[in-house]
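# Geometric and topological summary
Listed below, chain by chain, are the residues.
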Amino acid sequence: MLSYPPTINNLIESFTKLPGIGRKTAERFVFYLLKRPKEELYKFSQDLAQLHESNYICPVCFNFSEAEGLCTICSNTNRNQAIICVVEESHDLNVIESTGEFNGLYHVLGGNIDPPEGITPDKLTIHQLTERIQKNNVQEIILALNPDIQGEGTIIHLKNVLQPLNIKITLLARGLPMGSDIEYADEVTLTNALKGRQELK
Ligand SMILES: [Zn+2]
């Protein structure tokens, strides 16, 4: 491995923490940034630093919220409060929302159960989901998780946790290819997967 000054090495390390970014790409980013004007880099660093300060998380569904408190979806009383669509991340929520086909509420898990990566069920918002179901008159939970190994494992765990609560649990219809991400599904495929959802027994 080539050795760089610590400032460069630290930044390369930081970039490798991003999803899908290996060391080579991280190095490319850093050497690209080194050639950019100082003002541009300053703005970039400010944007990063402010990311945490000006983003709120909805205390109910864990989606991003524009202000402190409930997000616009949770606070919309026109939405069907009896159905909750469970997704891994906020961007999955946005993709489903963009189909315009779903009028219920959401719950953002914050990832998938993945023990080798240290993501055990307690690291996700599963406990908060069961509390939501028990406190409100929820009738159906749609598990809109990605069709990969971690997604399947998370579905099995959620099934065990949710079934004693006596609610209908449904899965998106097959149609999303195995290993593909919800975030890349087109609207027609996703709409069909939602409409054709099937009960998990
Ligand atoms: Zn919310």
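Now for a look at the structure at hand. It should be emphasised that the depicted structure is a prediction, and the values quoted were computed from it without experimental measurement. (Residues numbered from 1 in each chain as written. Predicted model: local features only at pLDDT ≥ 70, side-chain atom pairs only at ≥ 80, totals over all residues. Heavy atoms only, no water.)

### Remarks on the packing of helix α4 (residues 90-99) against helix α7 (residues 187-195)
What counts, and what does not: What counts as an axis is a line fitted to C-alpha atoms, over the stretch in contact for a helix, and the angles between N-to-C directions run from 0 to 180 degrees. Secondary structure elements are taken from DSSP: a helix is a run of H or I of four residues or more, a strand is a run of E of two residues or more, and numbering for both begins at the N terminus. In this scheme, roughly parallel covers angles under 35 degrees and roughly antiparallel covers those over 145, while 65 to 115 is roughly perpendicular and the rest are oblique. In what follows, a contact means two residues having at least one pair of non-hydrogen atoms within 4.5 Å. The classification used treats Ala, Val, Leu, Ile, Met, Phe, Trp, Tyr, Cys and Pro as nonpolar, Asp, Glu, Lys and Arg as charged, and all other residues, Gly among them, as polar.
Relative orientation of the contacting elements α4 and α7 amounts to 90°, with a least axis distance of 9 Å. Taken together, the axes of α4 and α7 lie roughly perpendicular to each other. Across the interface between the two elements, Val95, Ile96, Ser98 and Thr99 of α4 pack against Glu187, Leu190, Thr191 and Leu194 of α7. Grouping the constituent residues of the contact of α4 with α7 by class yields 4 nonpolar, 3 polar and 1 charged.

### What to know about the pattern of salt bridges
Defined as follows: Salt bridges are defined as contacts in which a side-chain nitrogen from Lys or Arg sits within 4 Å of a carboxyl oxygen from Asp or Glu.
Considering all chains together, one arrives at 7 salt bridges under this definition. For Arg79, the salt bridge is made with Glu97, and the minimal N-O distance between the two is 2.7 Å. Placement of Arg79 in the loop between β2 (64-65) and β3 (83-87) and of Glu97 in helix α4 is noted, with a sequence separation of 18 residues between them.

### Concerning the coordination of the zinc ion
The textbook angles at a metal center are 109.5 degrees for a tetrahedron of four donors and 90 or 180 degrees for an octahedron of six. Just so we agree on the cut-off: Each metal's donors comprise the N, O and S atoms found within 2.8 Å of it (within 3.2 Å for Na, K or Ca). Water is not part of the atom list, so some coordination spheres may appear incomplete.
Those donors, Cys58 (SG), Cys61 (SG), Cys71 (SG) and Cys74 (SG), are the protein atoms that reach the zinc ion, and they lie 2.3 Å from it. When the donor residues of the zinc ion are listed from N- to C-terminus, their spacing reads C-x2-C-x9-C-x2-C.

### Here's the deal with the packing of aromatic side chains
Keep this limit in mind: Only Phe, Tyr and Trp rings take part, Trp by its six-membered ring, and two of them pair if their centres are within 6.5 Å. Stacked means planes under 30 degrees apart, edge-to-face means over 60, and tilted covers everything else. Exposure is judged per residue with a 1.4 Å probe applied to protein chains only, and the accessible area is read against the type maximum: over 50% gives exposed, under 20% gives buried, and values in between give partly exposed.
Scanning all chains against the criterion turns up 3 aromatic pairs. Seen in terms of ring centroids, Phe15 and Phe29 are 5.2 Å apart; in terms of plane orientation they differ by 70°. Their pairing is edge-to-face. Residue Phe15 is found in helix α1 (residues 6-16), and its partner Phe29 is found in helix α2 (residues 23-33); the two are separated by 14 residues along the sequence. Take Phe15: its relative accessible area is 12%, and that puts it in the buried class.

### Some details on the side chain of Ser90
Here is the rule: Pairing of N or O atoms within 3.5 Å defines a polar contact, subject to two protein rules: one partner must be a possible hydrogen donor and the other a possible acceptor, and residues neighboring in sequence count only if both atoms are side-chain atoms.
On the secondary structure map, Ser90 appears in helix α4. Residue class for Ser90 comes out buried when judged on its relative accessible area of 9%. Within the structure, Ser90 has its side chain in polar contact with the side chain of Asn63 (distance 3.2 Å). When sequence neighbours within four positions are dropped, the list of residues in contact with Ser90 reads Phe62, Asn63, Phe64 and Val108.

### What to know about the pairing of β3
Consecutive side chains along a regular strand alternate between the two faces of the sheet. The criterion, for reference: Here the rule is simple: two strands pair whenever DSSP picks up at least two bridges between them. Note on handedness: a clockwise path from strand one over the helix to strand two, with the strands aimed away from the viewer, defines a right-handed crossover.
The buried count for β3 comes to 5 of 5 residues, which makes it a mostly enclosed element. Going residue by residue along β3, you find Ile83, Cys85 and Val87 tucked away on one face and Ile84 and Val86 tucked away on the opposite face as well. Pairing analysis gives 4 bridges linking β3 to strand β5 (residues 140-143), with the strands arranged parallel. Within the sheet, the bridge partner assigned to Val86 lies in β5 and is Leu143. When β3 meets strand β4 (residues 105-108), the two strands line up parallel, connected through 4 bridges. Along β4, the bridge assignment pairs Val86 with His107. What joins β3 to β4 is α4, and the crossover it makes is right-handed.

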